Amino acid sequence: MAKGDIRDFTLEELNREMIEIGEPSYRSRQISLSLYQKGGSSFEDISGIPKNLKEKLAERYYISFPELSEHLKSSEDGTEKFLFKLADGNFIETVLIKNRNRKTICLSTQVGCRFKCQFCASGKKGFVRDLSPSEIVNQVIFLQHNLKHKITNYVFMGMGEPLDNYKNVSKAIMIINSQEGLNIGARRITVSTCGIIPGIEKLKDLGLQVNLSVSLHATSNKLRNELVPINRKYPLEELIASCQNYKAALGRMITFEYVLIKDKNDSLLEAQRLAVIAKRLKAKVNLIECSPVFDTEYKPPAKREINEFMKRLVGMGVKVTLRESKGKDIKAACGQLAGISNL
């Protein structure tokens, strides 16, 4: 029988595994606490369980850990980027963003991406595969336990589309949130999506107060079809209705991410339309300057134009922030992650 990664199990699944191997279900709590909160890397590290159980675990399971291939730190703002080599030879990138008292980890959920948003490097190489729950959670464990970072916020905004890998992402969220897992409050977790409506509905039904961030980037179907091609399948009006359902069910503010691209989506008319959508949902808007990405000619608007766009939103009563794209000098900014070496 092929061994399975023990970090792929939620606590409930691990309970069932323990019963199957003839152990009391409470052993799963002891194992989880050691794996996640103590950063255990071997079954010998698990305290409070008998030797014969450690032997059973070693026979049936293994504990995965990512291999750090490259670690870059921005000389401009201190952002750190980690290139991890996975067991099958594929690579993913994880980013740590520092802002005053906040440390935000930006997690990848897939190798590549199938949705090909026009300003994003992750989709340029196409979709390779989903990450497992352990491959997602291990990004957090490495930064917290190996590098001793005190992370405050957890965002699923790295390589890939989180809701296209809903089954594994939802498991990772449950492990991160569980008291026996990483014990992180749901309100400190944000899932970003380009607009996968069935995934939004499933995330709503998960019942955790996880924040939802939607990559909008346009206020008409015509333009959004061009910038975010999945809009052809899940058009804007249906996406907005799904966001309303999410907000109504969980009471969490929706955030609209809006990458500003010169002469594309940066007109004051677009700002006005964006304000109407945001006010309808009482949503927050994050404006982001377009980052340089290979194979595209997109550029950010001038500072004056960005300020005018922002002023129009504020003037119409929208809560808006201009999110600084950090880590551009190490290709760690929004849209720049591609899972390749930068050396």
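Above this note sits the structure.
Owing to the predicted nature of the structure, the values given are computational and were not obtained by experimental measurement.

### Description of helix α9 (residues 268-281)
Structurally, the α-helix is built with 3.6 residues per turn, so residues lying three or four positions apart point the same way.
Reasoning step 1: Helix length check: α9 (14 residues) gives 20 Å between terminal C-alpha atoms against 20 Å at 1.5 Å per residue, within 8%.
Reasoning step 2: Those residues of α9 that sit buried are Glu270, Ala271, Leu274, Ala275, Ile277, Ala278 and Leu281.
Reasoning step 3: Buried residues belonging to α9 abut α7 (221-227), α8 (236-250), β12 (255-260), β13 (284-289) and α10 (303-315).
Reasoning step 4: Downstream of α9 by one or two residues, Lys282 has phi in the positive range, about 50°.

### A word on the environment of Ala271
Reasoning step 1: With respect to the secondary-structure elements, Ala271 resides in helix α9.
Reasoning step 2: What makes Ala271 buried here is its relative accessible area of 0%.
Reasoning step 3: Distance from Ala271 to Lys311, taken between C-alpha atoms, is 9.1 Å for residues 40 residues apart in sequence.
Reasoning step 4: Discounting residues that sit within four places of it in the chain, Ala271 has contacts with Phe309, Arg312 and Leu313.

### Considering the sheet that holds strand β6 (residues 102-106)
Reasoning step 1: Judged by pairing direction, the sheet is mixed, and its 10 strands sit side by side in the order β3-β4-β5-β6-β9-β10-β11-β12-β13-β14 without closing on themselves. Only two strands of the sheet have a single neighbouring strand rather than two, namely β3 (67-73) and β14 (319-323). Put simply, the sheet's adjacent strands are angled 20° from each other on average, direction ignored.
Reasoning step 2: Pairing analysis gives 3 bridges linking strand β11 (residues 211-215) to β12, with the strands arranged parallel. By the bridge assignment, Ser213 is partnered in β12 with Thr255.
Reasoning step 3: Helix α5 (residues 166-177) rests against β9 (153-156) and β10 (189-193) of the sheet, and its axis sits at about 165° to β10.
Reasoning step 4: The sheet strands contacting α9 are β12 and β13, and the helix crosses β12 at an angle near 170°.

### Some remarks on the environment of Gln37
Reasoning step 1: Structurally, the position occupied by Gln37 is in helix α2 (residues 27-37).
Reasoning step 2: With a relative accessible area of 36%, Gln37 lands in the partly exposed category.
Reasoning step 3: Note: C-alpha distance between Gln37 and Glu257 (220 residues apart in sequence) is 32 Å.
Reasoning step 4: Ignoring any residue separated from it by four or fewer positions in sequence, one finds Gln37 in contact with Ser32, His145, Gln179, Glu180, Gly181 and Asn183.
Reasoning step 5: Among the polar contacts made by the side chain of Gln37, one reaches the main-chain carbonyl oxygen of Gly181 at a distance of 2.8 Å.

### Remarks on the pattern of salt bridges
Reasoning step 1: Per the stated rule, a full pass over the model turns up 17 salt bridges.
Reasoning step 2: Here Glu20 and Arg60 are joined by a salt bridge, their closest N and O atoms 3.2 Å apart. Here Arg60 lies in helix α3 (residues 51-60) and Glu20 lies in helix α1 (residues 11-20), a separation of 40 residues in the sequence.
Reasoning step 3: Its relative accessible area of 57% is what places Glu20 among the exposed residues.
Reasoning step 4: The partner of Lys262 in a salt bridge is Glu305, and the shortest N-O contact between them spans 3.9 Å. One end of the pair, Lys262, is in the loop between β12 and α9; the other, Glu305, is in helix α10, and 43 residues separate them in sequence.
Reasoning step 5: Each of the salt bridges in this network shares a partner with another, and the network as a whole consists of Asp88, Arg129 and Glu135.

Conventions and cut-offs
Residues numbered from 1 in each chain as written. Predicted model: local features only at pLDDT ≥ 70, side-chain atom pairs only at ≥ 80, totals over all residues. Heavy atoms only, no water. Helix = DSSP H or I, 4+ residues; strand = E, 2+ residues; numbered from the N terminus. Expected span 1.5 Å × (residues − 1). Buried < 20%, exposed > 50% of the residue type's maximum accessible area, 1.4 Å probe, protein only. Contact = heavy atoms within 4.5 Å. Pairing = 2+ DSSP bridges. Axes fitted to C-alpha atoms, helices over the stretch in contact; angles between N-to-C directions. Polar contact = N/O pair within 3.5 Å; in protein donor to acceptor, adjacent residues only side chain to side chain. Salt bridge = Lys/Arg side-chain N within 4 Å of Asp/Glu carboxyl O.

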